[in-house]
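Structural overview
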Amino acid sequence: MSSVAVQKAPSAAGATDAERGSRPPLRRRIALVPTITLLLGALYCLLPVAWVVIASTKSGSELFSTFTFLPGTGFTQNLSDLNAYRDGIYWQWMANSALYAGLGALLSTCVSAFSGYALATYRFRGRETMFNVLLAGVLMPPIILAIPQYLLMAQADLTDSYWSVLLPQILSPYGVYLARIYAAAAVPSDVVEAGRMDGASEWRIFTRIALPMMIPGMVTVFLFQFVAVWNNFLLPYIMLSDDERFPITLGLFTLLEQGANTPALYTLVITGAFLAVIPLVALFLVIQRFWSLDLLSGAVKS
């Protein structure tokens, strides 16, 4: 009787092992769910980009008559037409966007670094109240501030100028918030106190000690602000009337409006949108490299 039970037990165990080998474990199947979700999200985000890239290769006749994701043969002609449109005003729009986004993001990053470091390091009356006001600014939709900003610029006689787009972008509540959080985590208070005991001024402590520790976070702030200013449409739309000062977003919008009466301009809009994405991708790839290096150097120093 016992021998029969012993024989049945191994066979049952062997069947269980076979069943386990035939299908993946439950934990592994559950772990695939986030991966599949991320792949679907990436497909959802990249599909419009793929459409723009492929559509920019099509001529006007191919754009509405061929399969959506079938490449065309008119990319070089589209580039030539875009370059010739109004004596190359598209490149003026690109230069304006580079000015607004580059200078605006740089100034905004500097202001965020100063403000975030001060809020994280110094103890003064009203600090938390000021920080809460900044958090309220993060939650404030930009459309609510557009009209007051226009009225302020009109009072200063700065509307329809480069400053009317640059100045409102310098103070970023979200950038100040990120800078404060990163400064509080990356700059030890003991290091700051040691610098003060050595006789260093507050400016020297910030520039020589705190700022190098905050570089990875400030790179993130710069990237976020650059993308936000580059893609900004509402503020230039309200502030500017001279198309010579338009950024690329507003310039392509006016070109698209004209395309309603001239369908041939649709190819120029699509080609221009494709070219406008390239600087953002290049900037991200370059900054990501320095971002990784800064994080690694900070880990080695710590």
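Above: the structure in question.
Computed from a predicted structure; not experimentally measured.

1. Remarks on unusual backbone geometry
- Although it is not a glycine, D87 sits at a positive phi angle of roughly 60 degrees.
- Following the sequence through the fold, D87 ends up in the loop between α4 (75-84) and α5 (89-121).
- Positioned with a positive phi, D160 is a non-glycine residue whose angle comes to about 60 degrees.
- Among the structural elements, D160 can be located in the loop between α7 (142-155) and α8 (162-170).

2. Some thoughts on the side chain of K58
- Residue placement: K58 occurs in the loop between α2 (26-55) and α3 (60-63).
- Of the buried charged residues, K58 lacks a salt bridge, with E62 as the closest side chain of opposite charge at 7.2 Å.
- Among residues more than four places away in sequence, those in contact with K58 are L63, T66, F67, T68, L70, G72, G74, N78 and T267.

3. Points about the packing of aromatic side chains
- As enumerated under the stated definition, the model contains 18 aromatic pairs in all.
- Seen in terms of ring centroids, Y174 and F224 are 6.3 Å apart; in terms of plane orientation they differ by 25 degrees. Their pairing is stacked. Remark: F224 occurs in helix α11 (residues 202-230) and Y174 occurs in helix α9 (residues 173-186); sequence separation between them is 50 residues.
- By relative accessible area, which is 40% here, Y174 ends up partly exposed.
- Accessibility expressed as a relative area gives 41% for F224, which makes it partly exposed.
- Here the aromatic cluster, defined as three or more aromatic residues joined through ring pairs, consists of F114, Y117, Y122, W203 and F206.

4. Focus on the pattern of salt bridges
- According to the stated counting rule, one finds seven salt bridges in the structure shown.
- One salt bridge connects R127 with E128, and the closest N-O pair in it is separated by 3.2 Å.
- Residue class for R127 comes out buried when judged on its relative accessible area of 13%.
- Ionic pairing is found between R245 and D160, a salt bridge with its closest N-O pair at 3.9 Å. In this pair, R245 sits in the loop between α12 (234-239) and α13 (248-259) while D160 sits in the loop between α7 and α8, placing the two residues 85 residues apart along the sequence.

5. Topic: the packing of α5 against α8
- The interhelical angle for the contact between α5 and α8, taken along N-to-C directions, is 30 degrees, at an axis separation of 8 Å. By crossing handedness, the relation of α5 to α8 is classed as right-handed. Residue-level inspection shows Q92, N96, L99, Y100, L103, G104, L107, S108 and V111 of α5 in contact with α8, the latter providing Y162, V165, L166, Q169 and I170.
- Its residues assigned to classes, the contact of α5 with α8 comprises nine nonpolar, five polar and no charged.

Each value, and the rule that gives it
- Residues numbered from 1 in each chain as written.
- Predicted model: local features only at pLDDT ≥ 70, side-chain atom pairs only at ≥ 80, totals over all residues.
- Heavy atoms only, no water.
- Helix = DSSP H or I, 4+ residues; strand = E, 2+ residues; numbered from the N terminus.
- Buried < 20%, exposed > 50% of the residue type's maximum accessible area, 1.4 Å probe, protein only.
- Lys, Arg positive; Asp, Glu negative; His and termini not counted.
- Salt bridge = Lys/Arg side-chain N within 4 Å of Asp/Glu carboxyl O.
- Contact = heavy atoms within 4.5 Å.
- Phe/Tyr/Trp six-rings, centres within 6.5 Å; stacked < 30°, edge-to-face > 60°.
- Axes fitted to C-alpha atoms, helices over the stretch in contact; angles between N-to-C directions.
- Left-handed = near helix turned anticlockwise from the far one by under 90°.
- Nonpolar A, V, L, I, M, F, W, Y, C, P; charged D, E, K, R; others polar.

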